[in-house]
Amino acid sequence: MTKRIFLYRAVRATSLCMMHCALCMMCCFLCMVLCALVSCSDDEQFTTSRSDVLTLPEDTLKMDTVFSGVSSSTYTFWIYNKNSQALRVNDIRLANGTKGFRVNVDGEYLNKNISGLEVLGNDSLLVFVELTPLTTGEVDPQPVDEQLVLTLESGVEQQVNIRAWAWDAERWDNKAVTADEEVTTTHPILVFGTLSVAKGATLQLHGTQLYFHEDALLEVSGAVVAEGVTLRGDRLDDMFSYLPYDNVSGQWQGVRVKEKGRLTMTDSNIHATYLAITADSCSTVQLTRTIIHNNAGDGIYATSAEIVLDHCQLSNAEGSLLNAQNSHVTLTCCTLAQYYPFAMREVALALGEGTTYSIEKMLIGGYEEELISYGDGVEEVPEEAYKIAEKEDFVLIDEDNLIYDFHLKPDSEASGFGCY
């Protein structure tokens, strides 16, 4: 027993010694690293030659149009010191104050200015820029120019030009229309939350544009009458250099026409939603020369509703362009083009169980072999009521840049069908 205790104590003592040795070695290593860092810092040579300057972006930093009072996306650019020696930047500031700009340089927020910043040889600084523009008082977008000024220890001043555009908009936050209202403003309308139209109330929209924030929704329990109106998302910038957010589906929720509600649109446009129009029981949707384009769900989803479309374009949806369940559908000279590029898409036209229809001179095309689906008991659309278009029949389908023009080419054999 005594031998076991002795052996245990010996092993424990040996383990403790090994742990102490490991800790000592780690401490020595950290000290060596720290000394090396301090030595590098002490040995760093700073140049004050006026010929040694920073390398700035060649062009002006161009930001997109931003609604007044709304924060922009974050833009970034690099500033390089391509000299072998370090540079001291005595002062960094915005030439004209702020004008709504927010700047962060190398992790330090620029309030009035930043001073005493060092850039080692062959190193760089990362700059972040955001903008919440002030009201301009003008109808059209106005330029907002600024300069980020850097003063080196040598006295040399360098600057980066920044340009954005500010656009005044009328803002609606969870606006509720409870009595008849007519809107003819030339300013864009920025919609946050739910724009609701109560039963018995009519909202008339003439020649204006409504920009819906993410998750914003138009909910119609009464009536909406729109002429020459665009309903779209509020992102005015680009996802990529070639792709504006406005060309990306799912930017806002869409339009919900509730039970017995009514939506009437002429010469208008709805695009880039999750689901462009949802028509509930006993509701009516009547569209004339109107485009519904590029949606992450269905273009129109109708349940026990009345859908009347005259010379309309329904195009590019992850769901169906028109999905009617137990509804009545009237399509006159409409173009249904199902070329949604981002995922597997549904058929162009889904005529569900219980749906009746009247279709005349419809043009339909898409990637899939099956373009129309039928619910139980629904008769197939007569061949003389529509023509199938090939991709080559349309003026432009640019799948790389997501640009589409669904007008028919003059020599198309489908001429005389569709809305154009």
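Here is a short report on the structure shown in this document. Please read all numbers here as calculations on a predicted model, not as lab measurements.

1. Remarks on the sheet that holds strand E22 (residues 254–257)
Logical step 1: Reading across from one edge, E11-E14-E17-E22-E25-E28-E31-E34-E37 is the order of the 9 strands in this open sheet, with parallel pairing throughout. Single-partner strands in this sheet number two, and they are strand E11 (176–177) and strand E37 (372–374).
Logical step 2: Pairing analysis gives 4 bridges linking strand E17 (residues 217–220) to E22, with the strands arranged parallel. Looking at E22, one finds that leucine 218 is bridged to valine 255.

2. Details of the packing of aromatic side chains
Logical step 1: Taken as a whole, this structure holds 12 aromatic pairs when the rule is applied.
Logical step 2: With a centroid separation of 5.8 Å and an interplanar angle of 10 degrees, the aromatic rings of phenylalanine 240 and tyrosine 242 are classed as stacked.
Logical step 3: Residue classification places tyrosine 242 among the partly exposed residues on the basis of a relative accessible area of 41%.
Logical step 4: Arranged with centres 5.7 Å apart and planes meeting at 15 degrees, the rings of tyrosine 404 and phenylalanine 406 form a pair that is stacked. The two residues tyrosine 404 and phenylalanine 406 agree in class, both being buried.
Logical step 5: One aromatic cluster is present, built from ring pairs that chain together Tyr339, Tyr367, Phe394, Tyr404 and Phe406.
Logical step 6: The lysine or arginine in question, arginine 88, covers the ring of phenylalanine 46, its NZ or CZ lying 3.7 Å from the ring centre.
Logical step 7: One cation-aromatic arrangement involves lysine 175 over tryptophan 172; the distance from NZ or CZ to the ring centre is 4.8 Å.

3. Re the sheet that holds strand E23 (residues 262–266)
Logical step 1: What the 8 strands build is an open sheet, ordered E12-E15-E18-E23-E26-E29-E32-E35; its pairing is parallel. Single-partner strands in this sheet number two, and they are strand E12 (181–183) and strand E35 (356–360). For this sheet, the mean angle separating the axes of adjacent strands, direction not counted, is 5 degrees.
Logical step 2: Direction of pairing for strand E26 (residues 284–288) relative to strand E29 (residues 306–310): parallel, over a ladder of 5 bridges. In the sheet register, leucine 287 faces E29, and the bridge partner there is leucine 309.

4. Side note on the environment of histidine 293
Logical step 1: Mapped onto the fold, histidine 293 is located in strand E27 (residues 291–295).
Logical step 2: Overall, histidine 293 belongs to the buried group, its relative accessible area being 18%.
Logical step 3: Leave out the neighbours within four places in its chain, and histidine 293 touches Ile270, His271, Ala272, Gln313, Ser315, Asn316, Tyr404 and Phe406.

5. Observations concerning the side chain of glutamine 251
Logical step 1: Positionally, glutamine 251 belongs in the loop between strand E21 (243–244) and E22.
Logical step 2: For glutamine 251, a relative accessible area of 13% gives the class buried.
Logical step 3: Sequence-distant contacts of glutamine 251, defined by excluding residues within four places in its chain, comprise Phe212, His213, Glu214, Asp215, Gly233, Arg235, Tyr245, Ala272 and Thr273.

6. Re the pairing of strand E3 (residues 87–94)
Logical step 1: Pairing of E3 with strand E6 (residues 113–119), which is carried by 6 bridges, proceeds in the antiparallel orientation. Along E6, the bridge assignment pairs arginine 88 with glutamate 118.

7. Structural notes on the state of the cysteines
Logical step 1: This structure, assessed with the given rule, holds 0 disulfides.
Logical step 2: With no disulfide of its own, cysteine 312 lies closest to cysteine 334 among cysteine sulfurs, the gap being 4.9 Å.

8. Examining a nonpolar patch on the surface
Logical step 1: Nonpolar side chains collect at one region of the surface, where Met239, Phe240 and Tyr242 lie side by side and expose about 280 Å² of accessible area between them.
Logical step 2: Checked against the element boundaries, tyrosine 242 lands in the loop between strand E20 (238–240) and E21.

9. As for the nonpolar core
Proteins that are soluble and globular tend to have nonpolar side chains buried together.
Logical step 1: By size, the foremost hydrophobic cluster in this structure holds 58 residues, and its most contacted members are Leu210, Leu231, Val255, Ile277, Ile307 and Leu349.
Logical step 2: Listed in part, the 31 residues of the second largest apolar core include Leu54, Phe101, Val129 and Val160.

10. Considerations on the environment of asparagine 269
Logical step 1: With respect to the element layout, asparagine 269 can be found in strand E24 (residues 269–271).
Logical step 2: Residues asparagine 269 and threonine 230 lie 39 residues apart in sequence; the distance between their C-alpha atoms is 4.7 Å.
Logical step 3: With near-sequence residues (within four places) excluded, asparagine 269 lies in contact with Val229, Thr230, Leu231, Thr290 and Ile291.

11. So, the pattern of salt bridges
Logical step 1: Taken as a whole and assessed by the stated rule, the structure comprises 14 salt bridges.
Logical step 2: In this structure, the salt-bridge partner of glutamate 130 is arginine 102, at a minimum N-O distance of 3.1 Å. Here the residue glutamate 130 occupies a position in strand E7 (residues 123–131), and arginine 102 occupies one in strand E4 (residues 101–105), the gap between them amounting to 28 residues.
Logical step 3: Of the residues examined, glutamate 130 reaches a relative accessible area of 24% and is grouped as partly exposed.

How each quantity is defined
- Residues numbered from 1 in each chain as written.
- Predicted model: local features only at pLDDT ≥ 70, side-chain atom pairs only at ≥ 80, totals over all residues.
- Heavy atoms only, no water.
- Pairing = 2+ DSSP bridges.
- Helix = DSSP H or I, 4+ residues; strand = E, 2+ residues; numbered from the N terminus.
- Phe/Tyr/Trp six-rings, centres within 6.5 Å; stacked < 30°, edge-to-face > 60°.
- Buried < 20%, exposed > 50% of the residue type's maximum accessible area, 1.4 Å probe, protein only.
- Lys NZ or Arg CZ within 6 Å of the ring centre and 35° of its normal.
- Axes fitted to C-alpha atoms, helices over the stretch in contact; angles between N-to-C directions.
- Contact = heavy atoms within 4.5 Å.
- Disulfide = S-S within 2.5 Å.
- Patch = residues over 30% accessible without salt bridge, like charges linked within 9 Å, V, L, I, M, F, W, Y side chains within 5 Å.
- Areas by Shrake-Rupley, 256 points an atom, 1.4 Å probe, with all protein chains shown as cover.
- Salt bridge = Lys/Arg side-chain N within 4 Å of Asp/Glu carboxyl O.
- Core = buried A, V, L, I, M, F, W, Y, C linked by side-chain atoms within 4.5 Å.

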